[in-house]
Amino acid sequence: MYAVELGAAMLLQFETTDGIVRILADAGRKSHRVNDRLDNSIKAFGGDKLRIDLIVGTHYDADHLDGLVDVIENPDIEIGEAWLPPVANDTEFALAGSPLRDESLLALQLAGEAGQGVLRRYLADKAATCSRLASLEREADRRRGRDARPRERAFEDDRLMLDPNRSQQGGVEPSREYFEAHIADAGVTIGRASSGHAEDDITDPWKVDEQLKEYGERARWWLDDPFIDERVTGYSHLAHIEAQTLGLIRESTAKDAITASSLAAVVEALKARSIKIRCATIEDGKPQTFGWVKPVGQPGRFERALPADPDAPKVILLGPSQGLVNKFRHLLPIGSYLMAARLEMIPVASITPSNQLSYIMVVEHADQRILVTGDAGANDFKVSSSPHFHAELIEQLAPLHIVQVAHHGGANAYFYRALLASGYAKQAETTRLLLSHATHDSHRPSDNFIRFIAALRRTPANTQVMFTSKPKEAKVRDVLTYIAPVVGTEATSGDLTLIFDEGWSLNAHAVSLP
């Protein structure tokens, strides 16, 4: 696992009778320069050919996707296939109950001949939404007695710049800086100076879906719906709540736009090299196995195979499900969230497709099982409108020898509950939990992670916690005995290396006890 602060990047390498198989899951941001570190990692494992058989962009987030562009554009690295997050294009109208199709997925739309036009329309839609929300926030500011004029001037050119028709016809395209400005401005409304993973809680989309059903499709046309204006302007005692709700939705919308640009850059790099793109999903509650296949005289690849070759690596996909992707396709229109937030006061800070639609998979070889999670919310493990988990998915969570702790050890309750509901806590084999977060992170590991370690009721002899960046002492004081020792040069951050050869050995771990 590479040290990429509050991002993620993991390189998995497996020896087989047909050669070495490699999977790269994420690559942090470009500034982390994972591309420059791959050569040493590959050569240290004993390979003489720079080939990555499968690249996985685990989810719809810039700090996991951006660094992949340099890897893909590196002409010295041969690449077999890429799996990109199966996020539907939420700016397109879809009939409730309509089946999910590949042509609805944003990554595959961007990979098509009209990909640039798709991106322009997507950004124009998000920009118009941000502009509309900003305007409503200003009105809410006035209702709660705040001077909105300085903030209005910051976006006074919105009407000229963000005409969706103009953008779609090749006019001005909203920039990353424009959306970053909206995130910063929304933070003023919300009452915080910055935004990041720390605010990304995991909510239950199935519950939100039930709440929205009674309101029908009316909210989808929210840009012209006087109901929204009435709620903001007609009730001054609600202005504080209304303004923060609007700010949270605007922040999420602007993040979507930035991430879409990151996804588009990855897609363009893959298209330039004619690398196959897949957006993989599972049937609800049903794990899907992809076995390694190596035809004679051809490169190997992962294919749906059951049973898989027991002597070759396999990927057992546990999420996201088609049902969850489809739920978010219908939930994502901002008006629906705004309506639900108004009438039910449901939490909206966490209503985003990014984490819930993250890939979560077990990679298995030589009877060793590695859990790759990205920022997975593990919502797929829960049966819709039920406190129970899908049995077939839970069964795949034990045993686990290596666990990438989802969401950087954040407040990800469903993930921890799913692990506790499986046989993971009782497995006899030693397990290693890997965390990647910012150096001296103020929010991570979360209290939920610490409670999870306590709930496992396992000893430091069979459970180790490892970091790519040094945590604050206050965040880990209750699990200090679980933290693995330093191997190699001690530092506040560094790449983490584990090797299996008749047993797991820790070859590099720079982070010491706080």
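Residues numbered from 1 in each chain as written. Predicted model: local features only at pLDDT ≥ 70, side-chain atom pairs only at ≥ 80, totals over all residues. Heavy atoms only, no water.

Novice: Would you explain the overall build of the protein chain in this entry?
Specialist: Scanning the protein chain from terminus to terminus reveals 19 helices and 15 strands. When the 514 residues of the protein chain are sorted by exposure, 58% land in the buried category. Long-range pairs, those at least 24 residues apart, make up 76% of the contacts in the protein chain between residues at least 6 apart in sequence. (Helix = DSSP H or I, 4+ residues; strand = E, 2+ residues; numbered from the N terminus. Buried < 20%, exposed > 50% of the residue type's maximum accessible area, 1.4 Å probe, protein only. Contact = heavy atoms within 4.5 Å.)

Novice: For this particular structure, what's the right way to read the environment of A378?
Specialist: Structurally, A378 is set in the loop between β10 (368-372) and α16 (391-394). In this structure A378 comes out as buried when scored by relative accessible area, which is 5%. Note: C-alpha distance between A378 and S358 (20 residues apart in sequence) is 8.5 Å. Apart from residues no more than four positions distant in its own chain, A378 is found in contact with Y414 and F415.

Novice: Whenever I open this one, unusual backbone geometry confuses me. Can you help?
Specialist: Note: most peptide bonds trans; most residues except glycine with negative phi. Following G319, the chain continues into P320 via a peptide bond in cis, with omega recorded as 5 degrees. Position of P320 among the secondary structure elements: in the loop between β8 (314-319) and α13 (322-331). Note that the residue after A398, namely P399, is joined by a cis bond; omega there is -10 degrees. With respect to the helices and strands, the residue P399 is situated in the loop between α16 and β11 (402-404). You will see that R33, though not glycine, has its phi angle at about 55 degrees, which is positive. Secondary-structure assignment places R33 in the loop between β2 (19-25) and α1 (34-44). Here the phi dihedral of R457 falls at roughly 55 degrees; this positive angle occurs in a residue that is not glycine. In this structure R457 comes out as exposed when scored by relative accessible area, which is 76%.

Novice: Any chance you could explain the pairing of strand β4 (residues 78-83) here in plain terms?
Specialist: Bridging between strand β3 (residues 51-56) and β4 involves five bridges; their strand directions are parallel. Across the sheet, residue I55 finds its bridge partner in β4, namely A82. Sheet analysis places β4 next to strand β5 (residues 276-278), joined by three bridges and oriented parallel. Looking at β5, one finds that A82 is bridged to I277. (Pairing = 2+ DSSP bridges.)

Novice: Please clarify how the pattern of salt bridges should be interpreted in this entry.
Specialist: Side chains bearing opposite charge may pair, as long as their charged atoms lie close to each other. Applying the stated rule across the entire model yields 20 salt bridges. A salt bridge links D39 to K43, with the shortest nitrogen-to-oxygen separation between them at 3.2 Å. Placement of both D39 and K43 in helix α1 is noted, with a separation of four residues, approximately one turn of the helix. Judged by its relative accessible area of 25%, D39 is partly exposed. (Salt bridge = Lys/Arg side-chain N within 4 Å of Asp/Glu carboxyl O.)

Novice: Before we go on, may I ask you to explain helix α17 (residues 413-421) in this structure?
Specialist: For an α-helix, the turn length of 3.6 residues means that residues three or four places apart are oriented alike. All of the buried residues in α17 are Y414, F415, Y416, A418 and L419. Here the buried face of α17 lies against β9 (360-365), β10, α16, β11 and α18 (447-456).

Novice: Looking at this structure, I do not really get the packing of α17 against α18. What am I missing?
Specialist: Geometrically, a packed helix pair is captured by the angle between its two axes and the distance between the axes. The geometry of α17 relative to α18 is characterised by a closest axis approach of 10 Å and an angle of 5 degrees between their N-to-C directions. When the interaxial angle is binned, α17 and α18 end up roughly parallel. Contacts between α17 and α18 involve A413, Y416, L419 and L420 from the former and N448, F449, F452, A455 and L456 from the latter. Tallied by class, the residues present in the contact of α17 with α18 amount to eight nonpolar, one polar and no charged. (Axes fitted to C-alpha atoms, helices over the stretch in contact; angles between N-to-C directions. Parallel < 35°, antiparallel > 145°, perpendicular 65-115°, else oblique. Nonpolar A, V, L, I, M, F, W, Y, C, P; charged D, E, K, R; others polar.)

Novice: Is there a simple way to explain the packing of aromatic side chains in this structure?
Specialist: Considering all chains together, one arrives at nine aromatic pairs under this definition. Judged by centre distance (4.8 Å) and plane angle (65 degrees), the ring pair of W83 and F290 falls under edge-to-face. Of this pair, W83 sits in strand β4 while F290 sits in strand β6 (residues 288-293), and the two are 207 residues apart along the sequence. Relative accessible area serves as the criterion here: at 0%, F290 is assigned to the buried category. (Phe/Tyr/Trp six-rings, centres within 6.5 Å; stacked < 30°, edge-to-face > 60°.)

Novice: Before we go on, may I ask you to explain the nonpolar core in this structure?
Specialist: For soluble globular proteins, nonpolar side chains are generally found buried alongside one another. Counting residues in each nonpolar core, the largest one holds 66 residues, and the members touching the most others are W83, L371 and F415. Beyond its immediate stretch of four places on either side in the chain, L371 contacts L318, I360, M361, V362, L397, L400, I402, V403, Q404, F415 and L419. (Core = buried A, V, L, I, M, F, W, Y, C linked by side-chain atoms within 4.5 Å.)

Novice: Honestly, the pairing of strand β13 (residues 463-467) in this entry has me stumped. Any pointers?
Specialist: On any regular strand, side chains alternate: one points to one face of the sheet, the next to the other face. Among the five residues that make up β13, four are buried, leaving the element largely enclosed by the rest of the structure. Judged from the five bridges that link them, strand β12 (residues 431-435) and β13 form a sheet pairing that is parallel. The residue bridging L434 from the neighbouring strand is M466, located in β13. Considered for its hand, the β-α-β crossover made up of β12, α18 and β13 is right-handed. (Right-handed = clockwise from strand over helix to strand, strands pointing away.)

Novice: What is the right way to read the sheet that holds β3 from this model?
Specialist: Sheet architecture is open: five strands sit in the order β1-β2-β3-β4-β5, paired in mixed fashion. Bordering the open sheet on either side are β1 (10-16) and β5, each of which pairs with just one other strand. Ignoring strand direction, the axes of neighbouring strands in this sheet form an average angle of 20 degrees. Against the sheet, α1 contacts β1, β2 and β3, and its axis sits at roughly 25 degrees relative to β1.

In short, shape yes, function no, at least from these values alone.
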